[in-house]
Amino acid sequence: HYLRNFLVSECPNDGILGEEYGHIQYSSKDHKRTWVIDPLDHTRHFARGNPEYGTLIALLVDEQPCVGVVSAPSLHQRWWAAKGVGAWANQRKIEVSAVISLSSAHLVIAGHREWLDRYDWKKVSMLLNHVEYSYGTPGGFMPAMMVASGQLDAFVEPWGSIWDHSATAIIVEEAGGKASTLTGTAPIGSSLIVSNGLLHNELLDYF
């Protein structure tokens with residue numbers, strides 16, 4: 001609520017879109033700027049005392065992310081990026097990995113039931129067997145930030161909304177990587193794949 005009230009005061013012509021309060025437009029003008037906010041990403045982690053929870057903030061201009069911030073207070077970490085200025089973790093500039101082969105790649109995949117319901121699990125299994133190292137995750141911002149920092153080469157999540165993906169997408173892209181849905185469209189919800197960019201097209205073939 002503090003951030004929402006701040007934006008209303010400082011940016012009265014902007015729109016605000018958030019998981020907890022829907023879409024709000026505080027001006028009758030036809031705005032082109034929208035703040036997209038997830039106040040508490042990974043609520044389940046927060047509730048169970050797991051420190052991997054955070055706040056995600058993105059600014060969309062003409063529906064394209066141009067600023068992204070991911071804050072994880074219990075981890076004392078903040079990642080951020082802005083169009084054309086690179087990506088940062090706290091005060092350190094970050095870059096994606098330079099791995100060019102899936103057989104040498106480290107991949108994280110979110111979920112299991114979601115894949116069985118919506119995708120061809122046999123193809124997904126083939127991908128998991130192809131890469132050098134893979135493991136599962138409940139999803140969220142952390143694997144995407146690990147891709148942006150070069151600790152992972154790719155992360156795939158078969159669900160999500162615009163407030164889940166906007167901030168993480170621009171951080172990965174400004175770190176030199178690529179972000180999209182599993183069908184290759186702009187990463188503004190439904191699913192997410194982030195990679196170092198060098199592996200992206202080959203990864204998309206599995207979905």
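Right, let's walk through the structure included here. Here the structure is a predicted model, which is why all the values come from computation and not from measurement. (Residues numbered from 1 in each chain as written. Predicted model: local features only at pLDDT ≥ 70, side-chain atom pairs only at ≥ 80, totals over all residues. Heavy atoms only, no water.)

1. Quick word on the pattern of salt bridges
Side chains carrying opposite charge are able to pair once their charged atoms draw close together.
Stage number 1. As enumerated under the stated definition, the model contains 1 salt bridge in all.
Stage number 2. The closest approach of N and O atoms between D14 and R33, which form a salt bridge, is 3.0 Å. Pair noted here: D14 is in the loop between α1 (2-10) and β1 (15-18) and R33 is in strand β3 (residues 33-41), with a separation of 19 residues, a long-range link. (Salt bridge = Lys/Arg side-chain N within 4 Å of Asp/Glu carboxyl O. Helix = DSSP H or I, 4+ residues; strand = E, 2+ residues; numbered from the N terminus.)

2. What to know about the nonpolar core
Stage number 1. Counting 33 residues, the largest nonpolar core has V70, W79, F141, I171 and V194 as the members making the most contacts within it.
Stage number 2. Counting residues per element, the ones that place at least two in this core are β4 (54-61), β5 (64-72), β6 (77-82), β7 (86-89), β9 (106-110), α5 (141-148), α6 (162-174) and β13 (192-195).
Stage number 3. Excluding its chain neighbours within four sequence positions, the residues that come into contact with I171 are G68, V69, V70, W79, W80, A81, A87, M145 and A148.
Stage number 4. Of all hydrophobic cores here, the second largest spans 16 residues; its members include L102, I109, L204 and Y206. (Core = buried A, V, L, I, M, F, W, Y, C linked by side-chain atoms within 4.5 Å. Buried < 20%, exposed > 50% of the residue type's maximum accessible area, 1.4 Å probe, protein only. Contact = heavy atoms within 4.5 Å.)

3. What about α5?
Stage number 1. Along α5, 7 of the 8 residues are buried, which leaves the element largely enclosed by surrounding structure.
Stage number 2. When we look at burial in α5, the residues that qualify are F141, M142, P143, A144, M145, V147 and A148.
Stage number 3. Looking one or two places after α5, you find G150, whose phi comes out positive at around 85 degrees.

4. So, the pairing of β7
It is a general feature of regular strands that their side chains alternate between the two faces of the sheet.
Stage number 1. Pairing between β6 and β7: 4 bridges, direction antiparallel. Residue A82 lies in a different strand from β7, and its bridge partner there is G86.
Stage number 2. Linking two consecutive strands that pair antiparallel, namely β6 and β7, is a turn of 3 residues; a positive phi of about 85 degrees is found at G84 within it.
Stage number 3. Across 3 bridges, the pairing between β7 and strand β8 (residues 92-94) is antiparallel. From the neighbouring strand, W88 faces β8, where its bridge partner is K93.
Stage number 4. Joining the antiparallel neighbours β7 and β8 is a turn of 2 residues, in which N90 adopts a positive phi near 55 degrees. (Pairing = 2+ DSSP bridges.)

5. Some thoughts on the layout of surface pockets
Stage number 1. Here the largest pocket is characterised by a volume of approximately 590 Å³.
Stage number 2. In this structure, the largest pocket is lined by 29 residues; those nearest its centre are H42, R44, P138, E157 and W159.
Stage number 3. Looking at the lining of the largest pocket, the elements with two or more residues in it are β3, α2 (43-48), α3 (113-118), α5, β11 (154-157) and α6.
Stage number 4. Taken together, the residues of the lining of the largest pocket break down into 8 nonpolar, 12 polar and 9 charged. (1 Å grid on protein atoms, 1.4 Å probe; cavity = no way out; pocket = protein on both sides within 12 Å on 5 of 7 lines; lining within 4 Å. Points joined across faces, edges and corners; volume = space filled by probe spheres on them. Nonpolar A, V, L, I, M, F, W, Y, C, P; charged D, E, K, R; others polar.)

6. Here's the deal with the packing of aromatic side chains
Stage number 1. Tallied over the entire structure, the rule returns 6 aromatic pairs.
Stage number 2. On the numbers, 5.9 Å between centres and 10 degrees between planes, the contact of W80 with W88 is stacked.
Stage number 3. Taking the centre distance of 5.1 Å and the plane angle of 55 degrees together, the rings of W115 and Y119 count as tilted.
Stage number 4. Assessed through its relative accessible area of 0%, W115 is described here as buried.
Stage number 5. Taken together, the aromatic side chains of W115, Y119 and F207 make up a single cluster linked through ring pairs. (Phe/Tyr/Trp six-rings, centres within 6.5 Å; stacked < 30°, edge-to-face > 60°.)

7. Quick look at the pairing of β9
Stage number 1. Most of β9 is tucked away, with 4 of its 5 residues classed as buried.
Stage number 2. With 5 bridges joining them, β9 and strand β10 (residues 133-137) adopt parallel strand pairing. For V108, the partnering residue across the bridge sits in β10 and is Y135.
Stage number 3. In this sheet, β11 lies alongside β9 in parallel orientation, the contact comprising 3 bridges. Looking across to β11, one finds that I109 is bridged to V156.

8. Details of the packing of α5 against α6
Two packed helices can be described by the angle between their axes and the distance between those axes.
Stage number 1. Where α5 contacts α6, the two axes come as close as 8 Å, and the packing angle between them is 10 degrees. Between α5 and α6, the crossing angle belongs to the class labelled roughly parallel. Between α5 and α6 lies a crossing whose hand is left-handed. For the pair α5 and α6, contact is made by F141, A144, M145, V147 and A148 and by T168, I171 and V172, respectively.
Stage number 2. In terms of residue class, the contact of α5 with α6 is made up of 7 nonpolar, 1 polar and no charged. (Axes fitted to C-alpha atoms, helices over the stretch in contact; angles between N-to-C directions. Parallel < 35°, antiparallel > 145°, perpendicular 65-115°, else oblique. Left-handed = near helix turned anticlockwise from the far one by under 90°.)

Geometry only, nothing functional implied.
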